[in-house]
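Examining the three-dimensional arrangement
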Amino acid sequence: MTGGETVHGRTVGGLGEAGILGILNRRFAAVPAAEDWPEGTVGPGDDAAVVAAPDGRFVITTDAMAQDRDFRMSWPATAPRGAAAGGDFAGGYSTGWKAAAQNLSDVNAMGAEPSGLLLALTMPATTSVAWIDGLAAGISGAVIHLGASRCRVVGGDLGSDDRITLAITATGDLQGRPAIRRTLSARPRRTPGGADPGLDLVLCGRAGWAAAGLEVLDTGRQSLMRRLTSAPRAAGAGLHRTAALAAAAQLRPRPPLGAGRRAAEAGALAMMDVSDGLLKDAGRLATANGLRAELDPDWVRTEARALAPLARSLDRDAEDWVSAGGEDYGLLAVVPAGGPTGAQIPPGFRRVGRLVGRAGETDESSSEAVEAVEASGDPDGWDHFAAPLRSRPQSG
């Protein structure tokens, strides 16, 4: 059945499991590796899948998205032009894209290539068929457009519930390389004069845009338009475009797949993806190594510049978005300090700070970063079980 002719206006309650699986499998067949199942492996349709483990190991990760907690059914349509005629196809598309992207990002952060996705989906019978069609298309779209060319959908499970919950498990292939962990694989050797070469924090991807997008999406349309149009003319010229780009960053994040492998090959000592905010995740990475993270305040200010007019129109602080906003899914790595030339920075990465000894420990260069934004332990950012924050959608 075609997306625009038969799914619009219908709900999954009248399809049954076989009908829903037909929609999902049709979309998943579009990923590049869907037809490439090696001899001895088993794809979707049996009790379980059988997949290859080329070097005897899997990278494996899982993440879930819950309706009204991680996404809203009321969020606007942002599907590719001509993707489908269903009114809420795009909402499903963005949810599927993001669910896949956040798992592909975790695989990337270990220095691996994504190889498989396994999904578990529960939903009420009143869920629109168009939305489910969009969800499957969004998962496939993320695999295709983010460049996970060796990744296939290997199966999953369907169930019913009062709200939609989507959990995806992703696998990855290290291709014989060691995994890059949050803990340092080695400490840089001191120079012949005894100086500590130091550790730089480098980032591939953007920071703050998804947090800005959440603010845009959670601001009522009339209020948003009033705020954007009332901005000074100099600031308002590109304000609508900035708001649209920020919303797209929240709805369809673009983790830099392949950057993990490139950073590993360039000598990265530790890595993690930035899902809960740069300041918080840098603090986690530092704590794992008994160190303290310092973000470069000049970098934060520079990165926030493009978002500043939008932040002012929404009564927010763009630097807070950059330092504490999550869900951009950039890749944060630790490399030996490269000096003024930045010779040690992997391609596509930028220096955003450094790791230093904890307060009270000797650090000869500490005077150079008096204004640094410090991250240690558990600074502001997303926490599923803390008091509600504005960094992700809340129920209600």
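So, here's what we can say about the structure. Note that this is a predicted model, so its numbers are computed, not measured.

Criteria and thresholds
- Residues numbered from 1 in each chain as written.
- Predicted model: local features only at pLDDT ≥ 70, side-chain atom pairs only at ≥ 80, totals over all residues.
- Heavy atoms only, no water.
- Axes fitted to C-alpha atoms, helices over the stretch in contact; angles between N-to-C directions.
- Helix = DSSP H or I, 4+ residues; strand = E, 2+ residues; numbered from the N terminus.
- Parallel < 35°, antiparallel > 145°, perpendicular 65-115°, else oblique.
- Contact = heavy atoms within 4.5 Å.
- Nonpolar A, V, L, I, M, F, W, Y, C, P; charged D, E, K, R; others polar.
- Buried < 20%, exposed > 50% of the residue type's maximum accessible area, 1.4 Å probe, protein only.
- Pairing = 2+ DSSP bridges.
- Arc of directions from axis to C-beta.
- Phe/Tyr/Trp six-rings, centres within 6.5 Å; stacked < 30°, edge-to-face > 60°.
- Lys NZ or Arg CZ within 6 Å of the ring centre and 35° of its normal.

Considering the packing of helix α5 (residues 209–217) against helix α8 (residues 239–251)
Between α5 and α8, the least distance of the axes is 7 Å, while the angle of their chain directions is 105°. Looking at the two axes, α5 sits roughly perpendicular to α8. Contact residues: W209, A210, A212, G213, L214, V216 and L217 in α5; T242, A243, L245, A246, A247, A249, Q250 and L251 in α8. Taken together, the residues of the contact of α5 with α8 break down into twelve nonpolar, three polar and no charged.

Observations regarding the environment of A246
Note on placement: A246 falls in helix α8. Take A246: its relative accessible area is 0%, and that puts it in the buried class. Considering only alpha carbons, one finds A246 and L217, 29 residues apart in sequence, at a separation of 9.2 Å. Contact partners of A246, with chain neighbours within four places excluded, come to W209, A210, A212, G213 and L310.

Here's the deal with the pairing of strand β8 (residues 330–336)
Along β8, six of the seven residues are buried, which leaves the element largely enclosed by surrounding structure. Here strand β5 (residues 199–204) runs beside β8; their pairing, made up of six bridges, is antiparallel. Residue L199 lies in a different strand from β8, and its bridge partner there is P336. Two strands pair when backbone bridges link them, and strand β6 (residues 270–274) and β8 are joined in this way by five bridges, in the antiparallel orientation. Bridge pairing in β8 places D273 opposite L331.

Observations regarding the sheet that holds strand β1 (residues 59–66)
Taking strand neighbours across the sheet as the criterion, the four strands line up as β1-β4-β2-β3 in an open arrangement whose pairing is mixed. With partners counted over all chains shown, the strands left at the sheet margins are β1 and β3 (152–160), one partner each. When strand polarity is set aside, the average angle formed by the axes of neighbouring strands in this sheet is 15°. In this sheet, strand β4 (residues 165–173) lies alongside strand β2 (residues 113–123) in antiparallel orientation, the contact comprising nine bridges. What sits directly across from A120, in β4, is A167.

Observations regarding α5
In terms of burial, α5 is largely enclosed, as nine of its nine residues are buried. Along α5, the positions that sit buried rather than exposed are W209, A210, A211, A212, G213, L214, E215, V216 and L217. Where α5 is buried, its residues contact α6 (221–229), α8, α12 (308–313) and α13 (318–324).

Details of α6
Three or more residues of α6 are buried, namely S223, L224 and L228. Looking down the long axis of α6, one finds its buried residues gathered within 125° of arc, a one-sided arrangement. Among the exposed residues of α6, those pointing more than 90 degrees away from its buried face are Q222, R226 and T229. If you follow the buried residues of α6, they end up packed against α5, α8 and α12.

Regarding the side chain of N103
Along the chain, N103 turns up in helix α3 (residues 89–109). Under the relative-accessibility criterion, N103 is labelled buried at 0%. Contact partners of N103, with chain neighbours within four places excluded, come to T61, T62, D63, I168, T169 and A170.

A word on the packing of aromatic side chains
Tallied over the full model, the rule gives two aromatic pairs. Here F71 and W131 contribute two aromatic rings whose centre-to-centre distance is 5.9 Å and whose plane-to-plane angle is 25°, an arrangement assigned as stacked. Within this pair, whereas F71 is found in the loop between β1 and α3, its partner W131 is found in helix α4 (residues 129–145), the two being separated by 60 residues in sequence. Accessibility assignment for this pair places F71 and W131 in one class, buried. A cation over an aromatic ring shows up here: R152 above the ring of W37, its NZ or CZ 4.8 Å from the ring centre. Taking the ring centre of W209 as reference, the NZ or CZ of R206 above it sits at 4.5 Å.

Everything listed is a geometric property; what it means functionally is a separate question.
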